[in-house]
Amino acid sequence: MATYILRRLIQTLGVVILLSYVCFYLMTLMPGDPVELMISSNPKITSEDVARLRSLYGLDQPAYKRYLNWVSQISSGDLGHSRTYRVPVSELLGPRLWNTFYLSMLALTFSILVALPIGVYTALNPGSRMDSIVSMLTFFGISMPSFLLALILIIIFAVQLNWLPAGGTETIGADNTGLAGILDRAKYLILPVLSLSLQSIGSFVRYARGSMLDVLRQDYVRTAKAKGLSYHVVIWKHAFRNALIPIITIIALSLSSVFSGALLTETVFAYQGVGKLVYDSIMGNDFNVAMVSFIISVSMVLLMNLIADILYGFVDPRISYQ
Amino acid sequence: MNQQTQDQQNIQSMEQAQPLWKMILTQFSEHKMAVAGVVIILFFILMALFADLISYASGLHPHRQNVSGRYLLPFTYSEVGSSEKETAVENWINQNTEVAAQLQAEIVGKNLLSVSEEDALYELALMPKEEGQEILKQIETVPSSFNQMLSDFKKFHPFGTDEVGRDVFIRLIYGARVSIGVGILSTVVAALIGLLIGSLAGFYGGWIDSLLMRLTDALLSLPLIPVMIVIAAVDLQKVPVLADFVGSGYESIIKMVLIICLFSWMTVARLVRGSILSLKEREFILAARTLGCQDHTIIFRHLFPNVVGPMLVSLTLGVGSSIIFEAALSFLGLGIMPPMASWGNMLTNAQEVIYKNVWLTILPGLMILLTVVSFNFMGDGLQSAVDPKSIKR
Amino acid sequence: MIKETLLSAHQVSKHFPVKKGFFQRTVGQVKAVEKVDLEIFKGETLGLVGESGCGKSTLGRTLIRLYEPTEGEITFKGEDFLKLSSNNLRKSRRNIQMIFQDPFASLDPRMTVGQILQQPLDVHDIGTLEQRKKEVQELLTTVGLKASHINRYPHEFSGGQRQRISIARALALKPDLIICDEPVSALDVSIQAQILNLLKDLQEQRGLTYLFISHDLSVIEYFCDRVAVMYLGKIVEIGTRDELFQNPKHPYTQALLQAIPTVGEGKKTMKKSLSGEVPSPLNPPTGCAFHPRCAYKMDRCVTETPKLSAVSAGSLHQKSCFLKET
């Protein structure tokens, strides 16, 4: 088990390092490096100045050398400065990460709480009117891009009804301590969480229903029924527990897509999370921020996948790690 | 003799041969939602194919802007501003000097307008359309280009106009071209890549298999949207091979297709590899070999038909997700670049325009949702249709 | 009576490499079939019996070169079967056909029965199209199906009917030898008898030779003329049915026969029942592979490997055991 985790950790680290280099290289291919920006803001600049600036910023060196420089700078604990926000990257990142964490965890919890009961209910009543309505709705849920749902929710709840804010993270200038602060934050989270959840609700319902139906057909459930156990014990203790195993896999696998979807949701709602930071810094040529926030968000997803895999082993006694 | 008649009867009672595709079709048509999906998809594809024709017939142009007709609601008319009208008339007079002089003379000569000859056409253009038409009726020959120009001044917009006064209806139709086109193209290319990689891994096994499958798993574990954004932000001018496409007008389409392909071949690759691995050891393949079948018979007669069904399903579902990816990236301003219309980039400024005209968000959104749902239903229908066990008589 | 040898195998082995890790290093060999000598006579039914995993199916598949043997010689109708080029092999396979165990996996789900049965005729270009169609109908009636089933798909049939289709497919090329790889193991007992009787009738009508692979001793006893017993990739005893069932010589055969459940005789004693697990073929025991489970284990069984040799001089009843008499 320990060797399995270690091996997976090393693999994950390898992927992150490889990806960070690819990302670094891609950033050099993006429009607008610092010198280009200076040229456009200062028309009187001469070609000698450009060359001097380029060597000053190290831009005349090949990409891999610059990458190594960057890595050594990062590993010495200096994450660099943000050009747009004029603060060290490390200061910027902390609260952003928490914001994204709240958003994705709330969305995930919400989708599980909604999807599981519906999935189990439809599995217990297959072919009912409710079942076909739900299956129809899940199709639309899966097909609905989260940013589109976000826009529709804004139109309904912010523009037309004016019940909730259309975007932001918290009311600027308001008292953000204690209960009032939490309520204020919650107001800004409702719409993002809703729009981020719908897609996962759709797929969770389908998997929960399918997995529950599968289990209900198994002999051990029939045996349990035949033993004369009560309906509730059969359903919850025998069937549901076993149905949970594949459902947990799907939930674990959807962690990364929820996180990835959070980027879009955050952008639509101007929610100050790490996803919006990745997007804004790339669009604003804020190189240091873009690299660090991108790598951190990717590592977080990979780490979540790893944790999900390990947890899976605890849930399913049949899985063994060599 | 008895034997013979019985044989005859046997052959008579023999059930009618039905090719497999026909049965699949019958099976598919029982899935009502899937059929509805196909109808919608076909309708959109036809619409996209005849976009130029629709544009010509309706007189609407996807790129024509009109500052005096912005944010119009559906079912409204737009009229261009008077300064634009004057410029247009001036241009027309300069291009058709003789015809213009004749026309001016006729108008003033018949005393239809009490202005000087030079001002006659300007006056005509600036007055409300109906009054102008009344005047023109009394003139013997009105040049068609003049008529065309006048009718361009006032347009009917079934779906309203956007923030720069472009017609939403015609942009949606041209957007269908780009969105569905990118969706289908990138899925097909991705499927080919997946087919190649999956069959390489499945056939050769060994370290090739390990390498390719590690790559597949690594790509599958990445959070796609952030990674796609990083790649989409790349300036094609700085990429040697792709720099040629810059300025061809299609660069953003090519970029989109490449990016979506890069991240959607994995499902097909896994599917193909899995099928090949399981089929390779299936007894009917061994049986075919003992019958003396050659490799190509086994591949095309036995392996291929058994892989093509599931592949078709994943292709159909893939188009749906490709359209979503395109829409998402274009929405973020990293995908299809204006003035070219795609359903995604029509939503780019959605957060601001919803306060002026909600239809600008709802209509493209509805198109995306409808198309993706249709493809997903079609995939669902195909899934149950290609499963041989579901074939009924 | 001099028996004509149809197929003979000499010292045939089939090893599967076990690969591990990213670079697919070969870390071991599964010796599925190890140095087997076997003769199949024309017109007989040779049974091949053993526990699951003993390599009997692998031997069957190796004999018709579905698996290339690691070493050894196979002669079929006096011809060196292993030296055939792939083209000649395809032609030669007309004469050896195979019936597989799983009637649900051995028929391509996407072909109709007619297509399945016509394929062998197409592949070997036999007759005109008309004749092929007629032949397919005849095949169907021969195996007890209706000619009207021709346009149906395999999944529309029951397991027994599917196995009849498999038999019809094997018959299409009019082979001399049919290798039946557990043809009735996946079927209900009532259906088993029907299929076995069909195979027997066909043998009488067409002079077929069968290699009949099964783990079911009662089926073997009912169906076979001669029986070979396999254990861990090796043949441990071979003889006529009566010799083997009345007078088994190898301790393993004896133990197997003891394990057949009998009805009504009230004998509840199982003197020499098998104990322990079948060892892994990846790492077989030294000497006689059966020694860890043998009731008569001697010292030399651990170090020396016994050879298959006649029980009494000149007899075709052979065993590979050091025991003089049991």
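What counts and what doesn't
- Residues numbered from 1 in each chain as written.
- Chains lettered and ligands numbered in written order.
- Predicted model: local features only at pLDDT ≥ 70, side-chain atom pairs only at ≥ 80, totals over all residues.
- Heavy atoms only, no water.
- Axes fitted to C-alpha atoms, helices over the stretch in contact; angles between N-to-C directions.
- Helix = DSSP H or I, 4+ residues; strand = E, 2+ residues; numbered from the N terminus.
- Parallel < 35°, antiparallel > 145°, perpendicular 65-115°, else oblique.
- Left-handed = near helix turned anticlockwise from the far one by under 90°.
- Contact = heavy atoms within 4.5 Å.
- Domains from an automatic or database assignment.
- Buried area = accessible area lost by both parts, 1.4 Å probe.
- Salt bridge = Lys/Arg side-chain N within 4 Å of Asp/Glu carboxyl O.
- Nonpolar A, V, L, I, M, F, W, Y, C, P; charged D, E, K, R; others polar.
- Buried < 20%, exposed > 50% of the residue type's maximum accessible area, 1.4 Å probe, protein only.
- Pairing = 2+ DSSP bridges.
- Polar contact = N/O pair within 3.5 Å; in protein donor to acceptor, adjacent residues only side chain to side chain.
- Patch = residues over 30% accessible without salt bridge, like charges linked within 9 Å, V, L, I, M, F, W, Y side chains within 5 Å.
- Areas by Shrake-Rupley, 256 points an atom, 1.4 Å probe, with all protein chains shown as cover.
- Phe/Tyr/Trp six-rings, centres within 6.5 Å; stacked < 30°, edge-to-face > 60°.
- Expected span 1.5 Å × (residues − 1).

Participant: I tried to follow the packing of helix H3 (residues 113–123) of chain C against helix H5 (residues 159–171) of chain C on my own but got confused; where do I start?
Facilitator: Helix packing for two helices is described by the angle between their axes and how far apart those axes are. Residue and element names in this part refer to chain C. The geometry of H3 relative to H5 is characterised by a closest axis approach of 8 Å and an angle of 25° between their N-to-C directions. Taken together, the axes of H3 and H5 are roughly parallel relative to one another. H3 and H5 meet at a crossing whose hand is right-handed. The segment H3 lies against H5, with Val-113, Ile-116, Leu-117 and Pro-120 engaging Ile-165, Ala-168 and Arg-169.

Participant: Teacher, can you tell me more about the domain arrangement of chain A here?
Facilitator: It is common to give the size of an interface as the accessible area that goes away when the parts come together. Residue and element names in this part refer to chain A. Per the domain assignment, the segments of chain A are domain 1 (2–75) and domain 2 (93–315). Between the C-alpha centres of domain 1 and domain 2 the distance comes to 34 Å. Facing the 18 residues of domain 1 at the interface are 16 residues of domain 2. Overall, the association of domain 1 and domain 2 removes approximately 1,500 Å² of surface from exposure, summing both partners, and the carbon and sulfur fraction of that is 82%. Considering only the surface of domain 1 that becomes buried against domain 2, Arg-8, Met-27 and Trp-70 emerge as the three largest contributors, covering 31% of it. Run the count over domain 1 and domain 2 and you get zero salt bridges. Mapped by element, the contributors of at least two residues to the side of domain 1 that touches domain 2 are helix H1 (2–28) and helix H4 (63–75). Looking at the side of domain 1 that touches domain 2 element by element, the count peaks at 12 residues for H1. A breakdown of the residues in the side of domain 1 that touches domain 2 according to their chemical character gives 14 nonpolar, three polar and one charged.

Participant: What's the story with the arrangement of the chains in this structure? I'm lost.
Facilitator: If you rank the two pairs of chains in contact by how many contacts each has, first place goes to chains A and B. Contact between chain A and chain C is absent, and the least distance between their C-alpha atoms amounts to 12 Å.

Participant: What exactly am I supposed to notice about the pairing of strand E7 (residues 177–181) of chain C here?
Facilitator: Remark: a regular strand shows side chains that alternate across the two faces of the sheet. Residues and elements named next belong to chain C. Burial analysis of E7 places five of its five residues in the buried class, which makes it a mostly covered element. Side chains Leu-177, Ile-179 and Asp-181 project from E7 onto one buried face, and the interleaved Ile-178 and Cys-180 project onto a second face that is buried too. As paired elements, E7 and strand E8 (residues 209–214) share five bridges and run parallel to each other. The partner of Ile-179 across the bridge, within E8, is Leu-211.

Participant: Where do I start with the interface of chain B and chain A in this structure?
Facilitator: In this complex, chain B contributes 40 residues to the contact, which on the side of chain A involves 42 residues. For the chain B and chain A pair, buried surface summed over both sides reaches about 3,600 Å², with 81% attributable to carbon and sulfur atoms. It is Val-230, Lys-238 and Leu-332 of chain B in chain B that bury the most area against chain A; as a group they hold 16% of the surface buried on that side. Viewed at the interface, chain A and chain B are joined by zero salt bridges. Applying the counting rule to chain B against chain A returns two residue pairs in polar contact (both at pLDDT 80 or more). Here the residues of the side of chain B that touches chain A are counted per class, giving 31 nonpolar, five polar and four charged.

Participant: Explain the packing of helix H15 (residues 283–290) of chain B against helix H16 (residues 295–331) of chain B here, please?
Facilitator: Residue and element names in this part refer to chain B. Running from N to C, H15 and H16 cross one another at 170°; their axes reach a closest spacing of 11 Å. Classified by the angle their axes make, H15 and H16 are roughly antiparallel. Taken together, the residues of H16 that come into contact with H15 (itself represented by Phe-284, Ile-285, Ala-288 and Arg-289) are Ile-298, His-302, Leu-303 and Asn-306.

Participant: Any chance you could explain helix H9 (residues 251–258) of chain C here in plain terms?
Facilitator: Since one α-helical turn is 3.6 residues long, residues separated by three or four positions face the same way. All names here are of chain C. Judged by how many residues are buried, H9 sits mostly within the fold: seven of eight residues are covered. The set of residues buried in H9 consists of Pro-251, Tyr-252, Thr-253, Gln-254, Ala-255, Leu-256 and Leu-257. Buried-residue contacts for H9 involve helix H7 (217–223), strand E9 (226–231), strand E10 (234–240) and helix H8 (241–246).

Participant: What exactly am I supposed to notice about the side chain of Thr-45 of chain C here?
Facilitator: Residues and elements named next belong to chain C. Relative to the elements of secondary structure, Thr-45 occurs in strand E3 (residues 45–49). Within the structure, Thr-45 has its side chain in polar contact with the side chain of Gln-203 (distance 2.9 Å). What Thr-45 contacts, discounting residues up to four positions off in sequence, is Gln-203, Tyr-210, Phe-212, Phe-223, Cys-224, Asp-225 and Arg-226.

Participant: I keep staring at a nonpolar patch on the surface and nothing clicks. Help me out?
Facilitator: On the surface, Leu-196, Leu-200, Phe-203, Tyr-204, Ile-299, Phe-300, Phe-304 and Val-308 of chain B cluster together into a nonpolar patch covering about 790 Å² of accessible area. Position of Leu-196 of chain B relative to the elements: it lies in helix H10 (residues 168–204).

Participant: Help me understand the pattern of salt bridges in this model?
Facilitator: Opposite charge on two side chains lets them pair, provided their charged atoms get close. Taken as a whole, this structure holds 22 salt bridges over all chains when the rule is applied. Measuring nitrogen to oxygen at the nearest pair gives 3.0 Å for the salt bridge that ties Asp-219 of chain A to Arg-222 of chain A. Taken together, the residues span about one helical turn, with Asp-219 of chain A and Arg-222 of chain A both in helix H9 (residues 219–226) at a distance of three residues. According to the relative accessible area criterion, Asp-219 of chain A is exposed, its value standing at 53%. Asp-52 of chain B serves as the salt-bridge partner of Arg-177 of chain B, at 3.5 Å between the closest nitrogen and oxygen. Taken together, the residues Arg-177 of chain B in helix H10 and Asp-52 of chain B in helix H4 (residues 51–58) connect sequence positions 125 residues apart. Overall, the relative accessible area of 46% leaves Asp-52 of chain B in the partly exposed class. Taken together, the shared-partner salt bridges connect Glu-283 of chain B together with Arg-61 and Asp-181 of chain C into one network.

Participant: Explain the packing of aromatic side chains to me, please; I cannot follow it from the model alone.
Facilitator: Here a ring pair, both rings aromatic, is described through the centre-centre distance and the interplanar angle of the planes. Applying the stated criterion across every chain yields a total of 21 aromatic pairs over all chains. Each ring, one from Trp-236 of chain A and one from Phe-240 of chain A, has its centre 5.0 Å from the other, and the planes form 70°; the classification is edge-to-face. A residue pair is termed a helical-turn pair when its members lie 3 or 4 positions apart in one helix, as Trp-236 of chain A and Phe-240 of chain A do in helix H10 (residues 231–269) at four residues. We classify Trp-236 of chain A as partly exposed; its relative accessible area is 42%. Owing to a relative accessible area of 15%, Phe-240 of chain A belongs among the buried residues under this scheme. Seen from their ring centres, Phe-159 of chain B and Phe-169 of chain B are 5.5 Å apart, and the 80° between their planes marks the pair as edge-to-face. You can see Phe-159 of chain B sitting in the loop between strand E2 (154–157) and H10 and its partner Phe-169 of chain B sitting in helix H10, a full 10 residues away along the chain.

Participant: Please clarify how helix H13 (residues 251–262) of chain B should be interpreted in this entry.
Facilitator: All names here are of chain B. Compared with an ideal rise of 1.5 Å per residue, which puts 12 residues at 16 Å, H13 spans 16 Å between its outermost C-alpha atoms and is within 8% of the ideal. Here H13 has its buried residues at Ser-252, Ile-253, Lys-255, Met-256, Val-257, Ile-259, Ile-260 and Cys-261. Looking at the packing, one finds that the buried side of H13 touches H10, helix H12 (224–232) and H16.

Participant: What exactly am I supposed to notice about the environment of Ser-151 of chain B here?
Facilitator: Residue and element names in this part refer to chain B. You can see Ser-151 is positioned in helix H9 (residues 144–153). Judged by its relative accessible area of 28%, Ser-151 is partly exposed. Spatially, the C-alpha atoms of Ser-151 and Gly-59 are 8.7 Å apart, while their sequence positions differ by 92 residues.

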